[in-house]
Amino acid sequence: MATQRACSKSARILPAWISQGHQTPCRAFSLKFARPRFASAAATVRSPPPLQPLGPFPYPSHGIPSNSPPSHVKLKAEQEKAANSEEVEVKDSTPLPQASFDERRVAVGWDASTWSRFHNIWLRDHCRCKECFHPITKQRLVETFEISPELQPSQVSATESGLEVTWLGSTPHKSVYPWTWLHQNSYDPPLRPAATGSLTPTVAQHERVLWGSRIQQDPPTVFYSEVMADERAVWKWLEKIERFGFCFVTGVPANPEDTERLSRRIAHIRETQYGAFWDFTADLKHGDTAYTNIALKAHTDTTYFTDPCGLQLFHLLSHTNGTGGSTLLVDGFYVASLLSTLEPDVYALLSQVPVPAHSAGASSENPSAMSYLYHPSPKVGYPILSHDKTTGELAQVRYNNDDRSVMRHLEPNLVEPWYHALRTWNKALTSPDSEYWVQLTPGTAVVIDNQRVLHGRSAFTGERRMCGAYIGMDDYISRLNVLKSSFDLSSANEDAGPGTVWHPTL
């Protein structure tokens, strides 16, 4: 794909802010970062304890083997995926997993060296027959608190449909769990999907493409006429946003009405103190520097919300009698990936130290009084870099130095290291390798992931009219998930297709 090649070229350019002694390894461009480790200056910052190694399974006498390191395996899902391709001959030769049980757990053997163990109460609680899980509302019907802690199976069987468990009780109950679902949700031990032919593809979870300034050679772009007419085109549009963190839309009529309709093709608009759909000029109407003509450094919006806005759409409607006003985009995940490798102590501080923020602007109509006062909950705020607590993957960038409140919570020995970390972060953001500058024109809108891509602008003169909107992250991801379930055959299978109770995100 041309865009990926362009991004790869930018990835090999050593940023100017990095000392000559460093080399940029490929690992810097993976979104799976190691958990932060602190050197001497940051030693007082607490990080989670490491996970303990998995011990042997405590009931080997009942036919359940000791734990072995998990390996990538291929199951029925590979055949289901291959069945969607005309170029692959499907041979049903994959053996069924093995199954055994004892008084507390059921074990599933994927191959000779890889086993998963599931507690009886966990399996019974996750039964999804029509008596236990509503097939339309996708809500639990089973009464969790009526499941006996001593519940045991009377029989377990490995079938083509999945693991079949018959539960003991006054009224015996039978549960069937698809193999792909069990593999995806294995917790003892957690299992990764196979490197090729993913067993359990996560909906809306494509590999992200990290980029620097050379993304300008081939930026992600879609056409207004297509996304307004076709749901499949909307899916492709949203997937580009997910992969790259932004996407241009060309051919947009230069008026607020059609731009608002474009916004609503994604989801409903999130209303804030700035209104729902904005149509604004540099008039300081809402007491924010966005409503001026001064330059804005790279930042994300609404850092003062507990839940920052997800997507942000901009459309320049007109710019007359003046110059300037170029738009700046920076991939925060790209910059973070460099720091995670080259400046691990800096990365650790940015990932651990919360940053308070506020929005307390006055309006031009009443400059002596605040129109609103926002801060996140808790007031101490959140780190610049936030991670998935389960996988350790970078999940969110939240940064606007202009909206930062007083850092009164810093430990004395962390004040200088934190300011050093902030300075290093800013140096990386403002590197020519990181900055992508583009001059927007009427008819081209841009949508950015506000929790990944930072934006800014150069100062300008003259009359500049912009319009746009915020869209909630949950609403955007929901829309993408639904569209992907409908159109992406490469990840569909009979267990996890659209509308099924075994969908991987339920």
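Residues numbered from 1 in each chain as written. Predicted model: local features only at pLDDT ≥ 70, side-chain atom pairs only at ≥ 80, totals over all residues. Heavy atoms only, no water.

Asks: How do you make sense of the overall build of the protein chain when you look at a structure like this?
Replies: The number of helices and strands found in the protein chain is 11 helices and 18 strands. For the protein chain, with 506 residues in total, the buried portion stands at 50%. Long-range pairs, those at least 24 residues apart, make up 75% of the contacts in the protein chain with a sequence separation of at least 6. By element, 52% of the accessible surface of the protein chain is carried by carbon and sulfur atoms, the whole surface being about 24,500 Å². (Helix = DSSP H or I, 4+ residues; strand = E, 2+ residues; numbered from the N terminus. Buried < 20%, exposed > 50% of the residue type's maximum accessible area, 1.4 Å probe, protein only. Contact = heavy atoms within 4.5 Å. Areas by Shrake-Rupley, 256 points an atom, 1.4 Å probe, with all protein chains shown as cover.)

Asks: Just to check I follow, could you spell out the sheet that holds strand E16 (residues 444–449) for this structure?
Replies: Strand pairs in the sheet, formed through backbone hydrogen bonds, run parallel or antiparallel to each other. Within the open sheet, the 6 strands sit side by side as E7-E8-E16-E11-E18-E9. Their pairing is mixed. Strands at the two margins of the open sheet, each flanked by one partner only, are strand E7 (221–223) and strand E9 (278–280). Averaged over all pairs of adjacent strands, the angle between strand axes in this sheet comes to 20°, irrespective of strand direction. As paired strands, strand E11 (residues 311–320) and strand E18 (residues 463–471) are joined by 9 bridges and run antiparallel to one another. What sits directly across from Phe 314, in E18, is Gly 468. (Pairing = 2+ DSSP bridges. Axes fitted to C-alpha atoms, helices over the stretch in contact; angles between N-to-C directions.)

Asks: What is the right way to look at the pattern of salt bridges in this model?
Replies: In the structure shown here, the tally under the stated rule is 13 salt bridges. For the salt bridge of Arg 105 with Asp 188, the shortest nitrogen-to-oxygen distance reads 3.1 Å. Within this pair, whereas Arg 105 is found in strand E2 (residues 105–111), its partner Asp 188 is found in the loop between helix H4 (179–184) and E7, the two being separated by 83 residues in sequence. Look at Asp 188 and you get buried, because its relative accessible area is 12%. The salt bridge partner of Glu 231 is Arg 479, with a shortest N-O separation of 2.9 Å. Here Arg 479 lies in helix H11 (residues 473–487) and Glu 231 lies in helix H6 (residues 231–244), a separation of 248 residues in the sequence. Salt bridges here are not isolated pairs; linked through shared partners, they connect Arg 105, Arg 117 and Asp 188. (Salt bridge = Lys/Arg side-chain N within 4 Å of Asp/Glu carboxyl O.)

Asks: Help me understand H11, please; the structure alone is not making it clear to me.
Replies: Residues that lie three or four places apart on an α-helix share one face, since the helix turns once every 3.6 residues. Look at H11: 21 Å from first C-alpha to last across 15 residues, which is about the 21 Å you get at 1.5 Å a residue. Among the residues of H11, Met 473, Tyr 476, Arg 479, Leu 480, Asn 481, Leu 483, Lys 484 and Ser 485 are the ones counted as buried. Buried residues in H11 make contact with H6, E11, E16 and E18. (Expected span 1.5 Å × (residues − 1).)

Asks: Honestly, unusual backbone geometry in this entry has me stumped. Any pointers?
Replies: A negative phi angle is the norm for most residues apart from glycine, just as the trans form is the norm for most peptide bonds. Note that the residue after Asp 188, namely Pro 189, is joined by a cis bond; omega there is 0°. Summarising the element assignment, Pro 189 is placed in the loop between H4 and E7. Following Ser 377, the chain continues into Pro 378 via a peptide bond in cis, with omega recorded as 0°. With respect to the helices and strands, Pro 378 occurs in the loop between helix H9 (344–352) and strand E13 (385–387). Positive phi outside glycine occurs at Lys 138, with the angle close to 60°.

Asks: Would you mind showing me how to read the environment of Val 108 here?
Replies: Along the polypeptide, Val 108 turns up in strand E2. Its relative accessible area of 0% is what places Val 108 among the buried residues. A sequence separation of 74 residues divides Val 108 from Leu 182, and the C-alpha atoms of the two residues are 8.8 Å apart. Apart from the residues lying within four places of it in its own chain, the contact partners of Val 108 are Pro 97, Gln 98, Thr 114, Trp 115, Ser 116, Phe 118, Leu 163, Trp 179 and Leu 182.

Asks: Can you help me understand the confidence of the model for the protein chain in this one?
Replies: Close inspection of predicted coordinates is inappropriate in any region flagged by low pLDDT. For the protein chain, the mean per-residue pLDDT works out to 80, and 73% of the residues sit at or above 70. Per-residue pLDDT stays below 50 along residues 1–14; that stretch engages in 31 contacts with residues further than four places along the chain or on separate chains. The low-confidence segment residues 194–205 (pLDDT under 50) makes 35 contacts with residues lying over four places distant or belonging to another chain. (pLDDT = per-residue confidence, 0-100.)

Asks: How should the packing of aromatic side chains be read in this particular structure?
Replies: Between two aromatic rings, the relevant description is the distance of the centres plus the angle of the planes. Evaluated as defined, the whole model comprises 21 aromatic pairs. When the ring of Trp 122 is compared with that of Tyr 187, the centres are 5.2 Å apart and the planes differ by 55°; the resulting orientation is tilted. Taken as a pair, Trp 122 in helix H3 (residues 120–125) and Tyr 187 in the loop between H4 and E7 lie far apart in primary sequence, 65 residues in all. Residues Phe 248 and Tyr 436 carry aromatic rings whose centres are separated by 6.4 Å and whose planes lie at 85° to one another, so their mutual orientation is edge-to-face. Residue Phe 248 is found in strand E8 (residues 246–250), and its partner Tyr 436 is found in strand E15 (residues 436–438); the two are separated by 188 residues along the sequence. (Phe/Tyr/Trp six-rings, centres within 6.5 Å; stacked < 30°, edge-to-face > 60°.)

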